[in-house]
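Remarks on the overall topology
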Amino acid sequence: MVTRADIGVIGGSGFYSLLDDAEEVELATPYGPPSDVVTIGRIGSRTVAFIPRHGKDHRFPPHRIPYRANLWALRSLGVRQVLAPSAVGSLKAEYGPGTLVVPDQLVDRTSGRAQTYYDIDGAVHVSFADPYCPSGRAIAVQTARSGGWETVDGGTLVVIEGPRFSTRAESQWYAANGWSIVGMTGFPEAILARELALCYTSVSLVTDHDAGVEAGQGVTHDEVLEFFAQNVTRMRTLIAQTVESLPEERTCSCGQALDGIKLPFELP
Ligand SMILES: [Zn+2]
């Protein structure tokens, strides 16, 4: 029997497992192995494939994560919808720790990361004006709110190269642009999902205020992990409930991202 899954979940810092009683599969891709073995199990009527973004032992820093392998592996399992929980810093004083943000925009401040599958044999330009799945976003927001989360519907995620955190000046600059949250992994994950015509929804948990928002030392990695650990059970519940609410048939346009484009190779 070929192992298949409908929905992919890429867990962020502190979020290293989702499914109990799951099958573990080792996958190879043209871009090397994914961050870790992929666990596949059921949540309600849906089959879910889970990848811990940094590896189970958090061995990959944000700039070394095999993003292309992760998304390729999910698609090769049959996944068409991806949920991407992550820990982020807040650029707005009113979004305190524990706030959930489901962004609708993204600013890429990374550099030097492999950010496309189409870097040989001609140009493939996909639309990325709206980087996230509208249907996945709406369901994540609704599910979070009905579970009592303070949830922000929309906003801009700035993805920085890391692994260092922002300087105070950088952080103030991002905030002055009206951007909402800052993270290190949301790109190229989102564009790679789009390049494979997958639905992709970021579910971002604020763990702290970024350096420019308040006085003090600024964020430390230990603080991020500790805060996320306190919230991981709640986050897992939210992701599981969102999985169950995602539509079996996609009605959004994410699946048509590559329509009319001549691809240099076949997608898995
Ligand atoms: Zn979609």
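All of the points below concern the structure found in this document. (Residues numbered from 1 in each chain as written. Predicted model: local features only at pLDDT ≥ 70, side-chain atom pairs only at ≥ 80, totals over all residues. Heavy atoms only, no water.)

**Some details on the coordination of the zinc ion**
For the zinc ion, the protein coordination sphere consists of Cys133 (SG), Cys199 (SG), Cys252 (SG) and Cys254 (SG), at 2.2 to 2.3 Å. Viewed at the metal, the 4 donor atoms of the zinc ion are separated by angles of 96 to 114°, and the geometry they form is tetrahedral. Linear spacing of the donor residues for the zinc ion on their chain is C-x65-C-x52-C-x1-C. With Cys199 in strand S11 (residues 199-209) and Cys252 in the segment after helix H5 (221-245), this pair connects stretches of sequence that are 53 residues apart. Take Cys199 and Cys252: they sit in the same class, and that class is buried. (Donors = N, O, S within 2.8 Å, 3.2 Å for Na, K, Ca; no water. Tetrahedral: all angles 85-135°; square planar, octahedral: opposite > 155°, others 65-115°. Helix = DSSP H or I, 4+ residues; strand = E, 2+ residues; numbered from the N terminus. Buried < 20%, exposed > 50% of the residue type's maximum accessible area, 1.4 Å probe, protein only.)

**As for the environment of Leu267**
By the secondary structure assignment, Leu267 is in the segment after H5. For the pair Leu267 and Phe50, spaced 217 residues apart in the sequence, the C-alpha separation amounts to 20 Å.

**Let's talk about the nonpolar core**
Ala49, Leu71 and Val82 are the most contacted members of the largest nonpolar core, which totals 42 residues. Sorting the residues of this core by element identifies strand S3 (38-43), strand S4 (46-52), helix H1 (67-76), strand S5 (81-90), strand S9 (156-160), helix H4 (186-195) and S11 as the ones contributing at least two each. Here this core gets 5 residues from one element, more than from any other, and that element is H4. In this structure, Ala49 is in contact with Ala5, Ile7, Gly8, Val9, Val38, Thr39, Ile40, Leu74, Leu77 and Val79, ignoring residues within four places of it in sequence. One finds Leu19, Phe50, Leu238 and Leu246 within the second-largest nonpolar core, a separate group that totals 27 residues. (Core = buried A, V, L, I, M, F, W, Y, C linked by side-chain atoms within 4.5 Å. Contact = heavy atoms within 4.5 Å.)

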